Amino acid sequence: MADQAQTLQEYTPVQLQQRLETGEPLQLIDVRETFEWDIVNLGTHGAKLIPLGDLPTRVEEIDPDTDLVLYCRSGARSAGAARHLMARGFTRVWNLKGGIHAWAEQIDPSMPTY
């Protein structure tokens, strides 16, 4: 599969906010656990929770033909999830650099951090 290796694409929180403001179709997937989603999430921006451990069995819920941005708390788990999806043939995948923590710092300081 080395010939299919791709560089992980990332959005900064500012870039993601700009992308969301365009209104173009975008899938936003939170790969954290349910208890983390309950603390803070981007559901108001259309995010969907698919915990990392569930991703392999729920991959059919993700449209490979629509841009996809994955996020977690700090960006590490979502980067792994993005690489997993890329290995499965997804090409329109981005990771949110710094995760929801960076989003809270840069875009919405009223959001709780943990």
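Just above sits the structure.
Residues numbered from 1 in each chain as written. Predicted model: local features only at pLDDT ≥ 70, side-chain atom pairs only at ≥ 80, totals over all residues. Heavy atoms only, no water.

Let's shift gears to the overall build of the chain. The helix and strand inventory of the chain stands at five helices and five strands. In the chain, the succession of α and β elements from N to C terminus is β-α-β-α-β-α-β-α-β-α. Taking 2.2 N^0.38 as the reference for a compact globule, 114 residues should give roughly 13 Å; the C-alpha atoms of the chain span a radius of gyration of 13 Å, in line with that estimate. Over its C-alpha atoms, taken along the principal directions, the chain stretches across nearly 45 × 30 × 20 Å. For the chain, buried positions account for 42% of its 114 residues. Excluding contacts between residues fewer than 6 apart, the proportion of contacts in the chain whose partners are at least 24 apart in sequence is 67%. A total of about 6000 Å² of accessible surface is found on the chain, and carbon and sulfur atoms cover 50% of it. (Helix = DSSP H or I, 4+ residues; strand = E, 2+ residues; numbered from the N terminus. Rg over C-alpha atoms; globule rule 2.2 N^0.38 Å. Buried < 20%, exposed > 50% of the residue type's maximum accessible area, 1.4 Å probe, protein only. Contact = heavy atoms within 4.5 Å. Areas by Shrake-Rupley, 256 points an atom, 1.4 Å probe, with all protein chains shown as cover.)

So, about the packing of helix α1 (residues 13-22) against helix α5 (residues 99-106). Axis separation between α1 and α5 bottoms out at 9 Å; the angle between their running directions is 80 degrees. Judged on the interaxial angle alone, α5 and α1 are roughly perpendicular. Across from P13, V14, L16, Q17 and L20 in α1, the residues of α5 making contact are A102, W103 and Q106. (Axes fitted to C-alpha atoms, helices over the stretch in contact; angles between N-to-C directions. Parallel < 35°, antiparallel > 145°, perpendicular 65-115°, else oblique.)

Taken as a whole and assessed by the stated rule, the structure comprises one aromatic pair. Between Y11 and W94, the aromatic rings sit 5.4 Å apart at their centres with planes inclined by 10 degrees, giving stacked as the arrangement. Within this pair, whereas Y11 is found in strand β1 (residues 9-11), its partner W94 is found in strand β5 (residues 93-96), the two being separated by 83 residues in sequence. Across the pair, exposure class does not vary: Y11 and W94 are buried alike. (Phe/Tyr/Trp six-rings, centres within 6.5 Å; stacked < 30°, edge-to-face > 60°.)

Right, let's talk about the pairing of strand β4 (residues 68-71) for a bit. Burial along β4 is two-sided: L68 and L70 facing one way and V69 and Y71 facing the other are all buried. In this sheet, β4 lies alongside strand β2 (residues 27-30) in parallel orientation, the contact comprising four bridges. Paired with I29 across the two strands is L70, which belongs to β4. Two elements, β4 and β5, share three bridges in a ladder whose sense is parallel. Residue pairing across strands places L68 opposite V93, the latter belonging to β5. In this fold, β4 hands off to helix α4 (residues 76-87), which returns the chain to β5; that crossover is right-handed. (Pairing = 2+ DSSP bridges. Right-handed = clockwise from strand over helix to strand, strands pointing away.)

Now for the environment of I39. Looking at the secondary structure, you find I39 in helix α2 (residues 34-39). Of the residues examined, I39 reaches a relative accessible area of 37% and is grouped as partly exposed. Along the chain, I39 and G23 lie 16 residues apart, while their C-alpha atoms are 26 Å from each other. Not counting residues within four places of it along the chain, the set of residues in contact with I39 comprises P112 and Y114.

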